[in-house]
Amino acid sequence: MTEKTTSTGPDGRSIPDLSYDELASEIVGVVAEATGRDPTTLRPVSEVMDAEAADRILENPNTGLTVAFEYEGGVVRVTNDEVRFEPSEE
């Protein structure tokens, strides 16, 4: 079984301190690391992540919201604390 991969943001910054583009890049990096794939081969996060939901997390860090979506063979969960990738069980 592949382990879950999490991140707290580039350069140790918390997730709410990131821009939308930085968050999307962070998601791609976490998924690429977990799956062993080149980040440039992954489809754009904007095709699967609700931008409005992500903006709510980025703009309101103390809400306790989680955005979850299927992406590249697993589920990505974004909270105000971390980006987590949970590969599907196969």
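Residues numbered from 1 in each chain as written. Predicted model: local features only at pLDDT ≥ 70, side-chain atom pairs only at ≥ 80, totals over all residues. Heavy atoms only, no water.

Considering the environment of aspartate 81
For clarity, the threshold we go by: Secondary structure elements follow DSSP: runs of H or I of four or more residues count as helices, runs of E of two or more count as strands, with numbering from the N terminus.
Tracing the chain through its elements places aspartate 81 in the loop between β3 (74–78) and β4 (83–87). Aspartate 81 sits 24 residues away from isoleucine 57 along the chain, and the two C-alpha atoms are 9.7 Å apart.

Some remarks on the pairing of β3
The test is simple: Relative accessibility decides the category of a residue: with a 1.4 Å probe and only protein chains considered, values under 20% of the type maximum give buried, values over 50% give exposed, and everything between is partly exposed. DSSP calls a pair of strands paired once it identifies at least 2 bridges connecting them.
Every second residue of β3 is oriented toward a common face, the buried set being Gly74, Val76 and Val78 and the non-buried set Val75 and Arg77. When strand β2 (residues 67–70) meets β3, the two strands line up antiparallel, connected through 4 bridges. Residue pairing in the sheet places valine 67 in a bridge with valine 78 of β3. Linking β2 back to β3 in an antiparallel pair, the connection comprises 3 residues, with glutamate 72 at a positive phi of about 50°. For β3 and β4, the ladder comprises 5 bridges, and the chain directions are antiparallel. Each bridged residue has a counterpart across the sheet, and for glycine 74 the counterpart in β4 is proline 87.

Everything listed is a geometric property; what it means functionally is a separate question.
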